[in-house]
Amino acid sequence: MKITKAVIPAAGFGTRFLPATKAVPKEMLPIVDKPTIQYIVEEAVASGITDLLIITSRGKDAIVNHFDKAAELEAVLERDGKEELLRLARGVSDKINVHFARQKEQKGLGHAVLCAKSFAGGEPFAVMLGDDVVVNDEKPCLKQLTEQYEKLGASVLGVQRVGMKNVNKYGILDCERENGRLYKMRGMVEKPSVDKAPSDIAALGRYVLTPAIFDCLEKTEKGAGGEIQLTDAIVKLMETEPVYAYDFEGTRYDIGSKQGFLAATVDFALKREDLRDEFAEFLKRTAANL
Ligand code: UTP
């Protein structure tokens with residue numbers, strides 16, 4: 001079965017990015033000139049997703065507006081013959097059906113995913129975190145995972161090694177290599193300390209899940225950080241179904257952290273033909289003074 005539905009949880013408070021995130025959703029912070037969430041929606045489109053559910057919360061209306069049609073703006077750009085700006089303003093909105101649901105209380109990522117139960121309608125679906133951007137110009141990260149799902153018919157988590165010093169920031173896997181980049185999962189623990197971490201293989205914001213995850217989420221109590229954790233529900237899912245992990249190819253940026261946001265801004269600017277030369281000169285001058 002092909003995966004055509006994806007969920008982007010984007011309801012979190014974004015406290016690591018205060019005060020910017022007091023009035024602006026972190027998913028709307030621009031990397032160069034495009035909101036973070038648009039890169040993720042473009043990855044979904046390039047991975048064959050046709051229906052997308054964005055989970056929002058109070059104060060996140062800018063996300064809804066961004067994917068709405070800006071009729072007046074488009075009319076002015078059309079009248080003035082500004083084709084390129086018109087293309088940018090339209091963005092991806094006519095390439096994918098974008099739906100919205102509200103998470104009324106921010107009870108955690110697991111709870112946000114549970115808000116997608118009726119959207120999934122008993123089908124397998126993808127989850128793409130609203131602040132994780134992955135770059136792979138050949139094959140998008142999500143496409144790599146959906147291809148694995150199509151072969152295995154089981155849930156697949158996108159993972160990469162993060163180094164032992166970073167395990168306390170992620171859901172960390174206990175797993176064994178099945179073949180190549182594919183692992184079979186035995187367990188998972190949310191944000192463990194170094195001495196409790198089963199590995200340094202971390203779930204990094206991309207998942208393909210079977211609908212059985214919803215029963216597991218309904219039975220999941222608050223876990224690490226007092227939140228309903230997707231990690232805990234995945235551990236429950238493993239009791240009844242095999243769950244795999246795929247070490248995806250691509251560079252991943254955690255835009256919810258300041259370091260990740262800065263790194264993405266520099267890397268993305270250097271890839272832009274219209275910005276590269278002048279910006280590279282500036283970076284060289286700055287680096288020479290460090
Ligand atoms: P994070 O923990 O990175 O997001 O959750 P956060 O809580 O917004 O950020 P900080 O830690 O306070 O800075 C990962 C993803 O899950 C979503 C977030 O929006 C983010 O995309 N999320 C988290 C929800 O949708 N609902 C929640 O209750 C929690």
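My aim in this report is to walk through the structure given alongside it, one point at a time.

Parameters at a glance
The residue numbers shown here count from 1 along each chain, following its written sequence. Residues qualify for local features only when their pLDDT is at least 70, as the model is predicted, and side-chain atom pairs are given and counted only at 80 or more; totals for whole chains, interfaces and linings, by contrast, use all residues. Water and hydrogen atoms play no part in the side-chain values, which are based on all heavy atoms of the structure. Helical segments are the DSSP runs of H or I of at least four residues, strand segments are the runs of E of at least two, and each set is numbered from the N terminus. The globule rule used here is 2.2 Å times the number of residues to the 0.38 power, and the radius of gyration it is set against is calculated over C-alpha atoms. Note on contacts: a residue pair qualifies if any of its non-hydrogen atoms lie within 4.5 Å across the two residues. Two strands are said to pair when DSSP picks up at least two bridges between them. Every axis in this analysis is a line fitted to C-alpha atoms, fitted for helices over the stretch in contact. Angles between the N-to-C directions lie between 0 and 180 degrees. What sets the label is the angle itself: under 35 degrees gives roughly parallel, over 145 gives roughly antiparallel, 65 to 115 gives roughly perpendicular, and the rest give oblique. Amino acids are sorted into nonpolar (Ala, Val, Leu, Ile, Met, Phe, Trp, Tyr, Cys and Pro), charged (Asp, Glu, Lys and Arg) and polar (every other residue, Gly among them). The handedness criterion is simple: a crossing whose near helix is rotated anticlockwise from the far helix by less than a right angle is left-handed, and one whose near helix is rotated clockwise is right-handed. We call a residue near a molecule or strand when any one of its heavy atoms sits within 4 Å of it. Accessible surface is estimated by sampling points in the Shrake-Rupley manner with a 1.4 Å probe; for residues, cover comes only from the protein chains shown. To define a nonpolar core, start from buried Ala, Val, Leu, Ile, Met, Phe, Trp, Tyr and Cys residues and group those joined through side-chain atoms within 4.5 Å. Working definition: with a 1.4 Å probe on protein chains only, accessible area under 20% of the residue-type maximum means buried, over 50% means exposed, and in between means partly exposed.

### Topic: the overall build of the protein chain
- Scanning the protein chain from N- to C-terminus turns up 11 helices and 13 strands.
- In terms of overall dimensions, the protein chain is globule-like: its C-alpha atoms have a radius of gyration of 19 Å, near the 19 Å expected for 290 residues.
- Summarising its shape, the C-alpha atoms of the protein chain cover approximately 60 × 50 × 35 Å along the three principal directions.
- In the protein chain, 77% of the contacts between residues at least 6 apart in sequence involve partners at least 24 apart.

### Notes on the pairing of strand 10 (residues 182–190)
- By the bridge criterion, 8 bridges tie strand 9 (residues 171–179) to strand 10 in an arrangement that is antiparallel. Among the inter-strand pairings, G171 is bridged to a residue of strand 10, identified as E190.
- Counting the residues in the hairpin turn of strand 9 and strand 10 gives 2 residues, including G180, whose phi is positive at 50°.

### Side note on the packing of helix 10 (residues 258–271) against helix 11 (residues 276–288)
- For the pair helix 10 and helix 11, interaxial distance at closest approach is 7 Å and the crossing angle is 135°. Here helix 10 is positioned oblique relative to helix 11, judged by the angle of their axes. Contacts between helix 10 and helix 11 involve V266, A269, L270 and K271 on the former and, on the latter, R276, F279, A280 and L283.
- Here the contact of helix 10 with helix 11 is composed, by residue class, of 6 nonpolar, no polar and 2 charged.

### Thoughts on the packing of helix 3 (residues 71–79) against helix 4 (residues 83–90)
- Relative to each other, helix 3 and helix 4 sit at 160°, their axes nearing to 8 Å. By the angle class used here, helix 3 and helix 4 are roughly antiparallel. Read as a crossing pair, helix 3 and helix 4 show a hand that is left-handed. Note on element contacts: helix 4 touches helix 3 through L85, L86, A89 and R90, opposite L73, E74, L77 and E78.
- Here the residues of the contact of helix 3 with helix 4 are counted per class, giving 5 nonpolar, no polar and 3 charged.

### A few points about the site of the ligand
- What surrounds the ligand is a group of 19 residues, the closest being G14, T15, R16, Q103 and G108.
- With the chains in place, 86% of the 560 Å² that the ligand exposes on its own is no longer accessible.
- Split by residue class, the shell around the ligand holds 7 nonpolar, 7 polar and 5 charged.

### Focus: the nonpolar core
- The biggest cluster of nonpolar side chains holds 48 residues, and the ones touching the most others in it are I8, I37, V41, I54 and F268.
- Per-element accounting of this core gives the leading share, 5 residues, to helix 1 (residues 36–46).
- In contact with V41, not counting residues within four places along its chain, are I8, L52, F67, V92 and I96.
- Counting residues in each nonpolar core, the second largest holds 35 residues, with V113, I201, A233 and M238 among its members.

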